[in-house]
Amino acid sequence: MSCPHSNYRAMEEDIHTDFKDDMSYGDYLQLNQVLSAQQPLSDQHDEMLFIVIHQSSELWLKLAGHELSVAITNIQQGDFGHAFKVISRVKQIFNQLTQSWNILSTLTPVDYLKFRDSLGHSSGFQSYGYRKLEFLLGNKNASLLKVHESDPVVHQELTQILEAPSLYDVTLKVLHERGLYIEALQLNRDFSQPYERNDSVLNAWLNVYQNADEHFQLYELAEKLIDIEDSFQQWRFKHMYTVQRIIGNKMGTGGSSGVGFLKKALDISFFPELFELRTHL
């Protein structure tokens, strides 16, 4: 028996220790696969940091895509309670992703250049998880599918998401179903095309905000969407700023202009009318 202030914690008798014929924590999470997937291509110490940050980010992106897909289905089915729950989770995922750039920022320009050539033409621009998220949120661009043509399974899934209604598209349909006027052209558009702001949508949202008690569910949904764009844009900005900090204005490994290309993404809004309406209230 240890004394009250002993710097020791004894093993409890009921803790399970025999996993010869039982599933362990590592078995459940398939950690043998996950933790053996870090294979640096150089002998540079900091390449492990670079790999782990990007692999973990892809896992968070996968979860965010999983949650947003469910949110779209929830809204289509009128299950706003669950939609709000998963949208709130996506916001926190984006916050987590934003924080990860702070860790990558400990990579100095000199140390990154020691292994940058090992990346070849691989780039975050080719991230399937990121592209899926942007399509789900409504930033549609068919030309970006070319990057994924080498993987038929991924290409097919992204094509389906490109052509399907986005989170905002299904939200506008709900506004229409609740008696708020949305032009038919907006409701029956080609969903593979980028979303363009529309006066009827702006006026519908103004109605919601000016009569928030009457349309509280839609009002709350709108604010959830703002949360998503806010957190997503913070992630975009931190990504751009981290890249600028590490490589300046060099061209990206995937062939993009680098920081200049990332800055352009900050001008894209998923839900433009939700921001514009604030000027008119």
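Source: prediction; values computed, not measured.

Student: Can you tell me about the packing of aromatic side chains, naming the residues and giving the values?
Tutor: Under the criterion given, the structure shown has 17 aromatic pairs. A centroid spacing of 5.4 Å and a plane angle of 85 degrees characterise the contact between tyrosine 112 and phenylalanine 115, whose relative ring orientation is edge-to-face. Across this residue pair, the class does not change: tyrosine 112 and phenylalanine 115 are buried. In textbook terms, an aromatic cluster arises when at least three aromatic residues are bridged by ring pairs, as seen for Phe94, Tyr130, Tyr168, Tyr195, Phe232, Trp235, Phe270 and Phe271. It is arginine 131 that lies over the ring of phenylalanine 125; its NZ or CZ is 5.0 Å from the centre.

Student: With reference to specific residues and values, describe the pattern of salt bridges.
Tutor: The full count for this structure, using the stated rule, is nine salt bridges. Two residues, glutamate 134 and arginine 131, come together in a salt bridge whose shortest N-O distance is 3.7 Å. In this pair, glutamate 134 and arginine 131 are both assigned in helix α6 (residues 128-137), three residues apart and thus about one turn of the helix distant. The same class applies to glutamate 134 and to arginine 131, which are both buried. Here lysine 132 ties to glutamate 157 by a salt bridge, and the two come within 3.3 Å at their closest N and O atoms. Highlighted residues: lysine 132 in helix α6 and glutamate 157 in helix α7 (residues 152-163), separated in sequence by 25 residues. In the salt-bridge network here, residues are joined through shared partners; they are Arg131, Glu134 and Arg236.

Student: Could you give an account of the environment of leucine 31, naming the residues involved and the relevant values?
Tutor: Assignment of secondary structure puts leucine 31 in helix α2 (residues 31-34). We classify leucine 31 as partly exposed; its relative accessible area is 24%.

Conventions and cut-offs
Throughout this description, residue numbers start from 1 for each chain and increase along the sequence as written. Totals for whole chains, interfaces and linings use every residue, but because this is a predicted model, local features are given only for residues with pLDDT of at least 70 and side-chain atom pairs only at 80 or more, for both listing and counting. Water and hydrogen atoms play no part in the side-chain values, which are based on all heavy atoms of the structure. For Phe, Tyr and Trp, where Trp contributes only its six-membered ring, two rings pair if their centres lie within 6.5 Å, and the inter-plane angle classes them as stacked under 30 degrees, edge-to-face over 60, or tilted in between. Residue exposure (1.4 Å probe, protein chains only): buried if accessible area is under 20% of the type maximum, exposed if over 50%, otherwise partly exposed. By definition, being over a ring means that NZ of Lys or CZ of Arg is both within 6 Å of the ring centre and within 35 degrees of the ring normal. What counts as a salt bridge is simple: a side-chain nitrogen of Lys or Arg found within 4 Å of a carboxyl oxygen of Asp or Glu. By definition, any uninterrupted DSSP run of H or I lasting at least four residues is a helix, any uninterrupted run of E lasting at least two residues is a strand, and each is numbered from the N terminus.

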